[in-house]
Amino acid sequence: MDKIYQQQINEITEHNIYAELAKLSLDDENTKTLKIISNQELAHYNFWKEITKKEAKPNRWKIKKHIWLAKIFGLSFSLRLMEMGEVEASIFYNDISKKYPEALTIQEEEIQHEQKLIGILNDNRLNYAGSIVLGLNDALVEFTGTLAGLTFAFSNNKVVGATGLVMGFAASLSMAASGYLSSKEEEVNEKINPITAAIYTGVSYILTVVFLVAPYLIQDNPYIALGSMLFITVLIIAGYTYYISIAKILSFKKRFIQMAVISLGVAAISFGIGVLIKQVFGIGA
């Protein structure tokens, strides 16, 4: 009975989450979809209430968490993250159906109906995922290499940091222009606005650069700065890969390894070039 009551709490919690997300949606189809799912979860809650004979209060922290995630990362990310918990729910339904066969009907609705509805959700952030990747990837690949090379060429954190920022701002404008022209040429996806795509590309580029350059501006040891920069690189790759793997249901491990190997590989090569330049030209000697 404790497991049934916990499921009852989950149902009323998800009912509230979907209802709140419906209010946040600016897309009429999304709003309609979320309201349908919300009503479905309420019906499930009422079914379990008939069995437990008591009311259940929703998990307010979970509701706030998913609203916060939706506001920052988009509806698809928040909803897909919720769906990851359906594995445990599936185990519950299989166990409880021996005593309450009606639970199989609820399980079928959760698997087929809800997944179908969530599959048609339109998320504006995901439409521009390609633009974000363009800025993020280029900044990671170019600046892990550039900063590693400059570190061993000059061994002066202020020079490396200032040079990185100047190059970063200039490159972000260039990338924004490239993002605009790229989106302008691609007329397949009518939902993508070239100007918005350019902004996503440029902003993602410069934010990445700022995070990578920061260690050089806050302390003087070039080796600690380099190590911190590479650590931040891995964190950025992991964070974005986690987001896109959840939102688009892709393999986290494969994408993470691919991006990490490319970025850190370029940094290693640039490290060697920086050492070579320092030795040949005697810079910073």
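In this text, all values refer to a predicted model and were calculated from it rather than measured experimentally.

### Some words on the overall build of the protein chain
Part 1 of the reasoning: A tally of helices and strands in the protein chain yields twelve helices and zero strands.
Part 2 of the reasoning: Within the protein chain, buried positions represent 44% of all 285 residues.
Part 3 of the reasoning: Within the protein chain, contacts between residues at least 6 apart in sequence are counted, and of these 78% link residues at least 24 apart.
Part 4 of the reasoning: Surface summary for the protein chain: the accessible area is close to 15,300 Å², and the carbon and sulfur share equals 64%.

### Thoughts on the environment of Q40
Part 1 of the reasoning: Relative to the helices and strands, Q40 is located in helix α2 (residues 28-52).
Part 2 of the reasoning: Each C-alpha atom, one on Q40 and one on H15, is 7.7 Å from the other, the two residues being 25 residues apart in sequence.

### Concerning the pattern of salt bridges
Part 1 of the reasoning: Taken as a whole, this structure holds two salt bridges when the rule is applied.
Part 2 of the reasoning: For the salt bridge of K23 with E20, the shortest nitrogen-to-oxygen distance reads 3.3 Å. Here K23 pairs with E20, and both are found in helix α1 (residues 2-24), just three residues apart, close to one helical turn.
Part 3 of the reasoning: Measuring nitrogen to oxygen at the nearest pair gives 3.3 Å for the salt bridge that ties K49 to E55.
Part 4 of the reasoning: Overall, K49 belongs to the partly exposed group, its relative accessible area being 22%.
Part 5 of the reasoning: Classification of E55 as exposed rests on a relative accessible area of 55%.

### Looking at a nonpolar patch on the surface
Part 1 of the reasoning: A cluster of nonpolar side chains, namely I195, I199, V203, L207 and F211, defines an oily patch on the protein surface of about 490 Å² accessible area.
Part 2 of the reasoning: When you line up the elements, L207 lands in helix α10 (residues 194-218).

### Comments concerning the packing of helix α3 (residues 60-73) against helix α4 (residues 75-83)
Part 1 of the reasoning: For the pair α3 and α4, the least separation of the axes is 6 Å and the interaxial angle reads 140°. Comparing the axis directions of α3 and α4 gives the class oblique. On α4, the residues touching H66, L69, A70 and F73 of α3 are L75, F77, S78, L81 and M82.
Part 2 of the reasoning: Partitioned by chemical class, the residues of the contact of α3 with α4 number seven nonpolar, two polar and no charged.

### Side note on the nonpolar core
Part 1 of the reasoning: Counting residues in hydrophobic clusters, the biggest one holds 35 residues, and the most contacted among them are F77, L140, L147, Y205, V209, L212 and Y216.
Part 2 of the reasoning: Counting only elements with at least two residues in this core, the list comes to α4, α8 (129-154), α9 (157-185), α10, α11 (222-247) and α12 (252-281).
Part 3 of the reasoning: Beyond its immediate sequence surroundings of up to four residues, L212 is in contact with A139, L140, F143, T144, L147, M229, I232, T233 and I236.
Part 4 of the reasoning: Within the second largest apolar cluster, twelve residues are counted, among which are A22, L34, A70 and L79.

### A few points about α10
Part 1 of the reasoning: Compared with the 36 Å implied by 1.5 Å per residue over 25 residues, the 36 Å span of α10 between its first and last C-alpha is a close match.
Part 2 of the reasoning: Helix geometry: α10 is bent most strongly at L212, by close to 35°, with proline P215 lying one to four residues after it.

### Notes on the packing of aromatic side chains
Part 1 of the reasoning: Evaluation of the coordinates by the stated rule reveals three aromatic pairs.
Part 2 of the reasoning: Centre to centre, the rings of F47 and W48 are 4.9 Å apart; their planes meet at 70°, and the pair counts as edge-to-face.
Part 3 of the reasoning: For F47, a relative accessible area of 22% corresponds to the partly exposed category.
Part 4 of the reasoning: Seen in terms of ring centroids, F143 and Y205 are 6.0 Å apart; in terms of plane orientation they differ by 85°. Their pairing is edge-to-face. Here F143, found in helix α8, pairs with Y205, found in helix α10; they are 62 residues apart in sequence, far enough to count as distant. When sorted by exposure, F143 lands in the same class as Y205, which is buried.
Part 5 of the reasoning: Taking the ring centre of Y5 as reference, the NZ or CZ of K54 above it sits at 4.2 Å.

### Let's talk about the side chain of S204
Part 1 of the reasoning: You can see S204 is positioned in helix α10.
Part 2 of the reasoning: A distance of 2.9 Å separates the side chain of S204 from the backbone oxygen of Y200, its partner in a polar contact.
Part 3 of the reasoning: Looking at S204, its side chain comes within polar contact range of the main-chain oxygen of T201, at 3.0 Å.
Part 4 of the reasoning: Excluding residues that lie within four positions of it along the chain, S204 makes contacts with S131, I132, G135 and L136.

Definitions and cut-offs
Residues numbered from 1 in each chain as written. Predicted model: local features only at pLDDT ≥ 70, side-chain atom pairs only at ≥ 80, totals over all residues. Heavy atoms only, no water. Helix = DSSP H or I, 4+ residues; strand = E, 2+ residues; numbered from the N terminus. Buried < 20%, exposed > 50% of the residue type's maximum accessible area, 1.4 Å probe, protein only. Contact = heavy atoms within 4.5 Å. Areas by Shrake-Rupley, 256 points an atom, 1.4 Å probe, with all protein chains shown as cover. Salt bridge = Lys/Arg side-chain N within 4 Å of Asp/Glu carboxyl O. Patch = residues over 30% accessible without salt bridge, like charges linked within 9 Å, V, L, I, M, F, W, Y side chains within 5 Å. Axes fitted to C-alpha atoms, helices over the stretch in contact; angles between N-to-C directions. Parallel < 35°, antiparallel > 145°, perpendicular 65-115°, else oblique. Nonpolar A, V, L, I, M, F, W, Y, C, P; charged D, E, K, R; others polar. Core = buried A, V, L, I, M, F, W, Y, C linked by side-chain atoms within 4.5 Å. Expected span 1.5 Å × (residues − 1). Bend = angle between axes of the 7 residues up to and from the residue. Phe/Tyr/Trp six-rings, centres within 6.5 Å; stacked < 30°, edge-to-face > 60°. Lys NZ or Arg CZ within 6 Å of the ring centre and 35° of its normal. Polar contact = N/O pair within 3.5 Å; in protein donor to acceptor, adjacent residues only side chain to side chain.

Shape descriptors only; they carry no functional weight alone.
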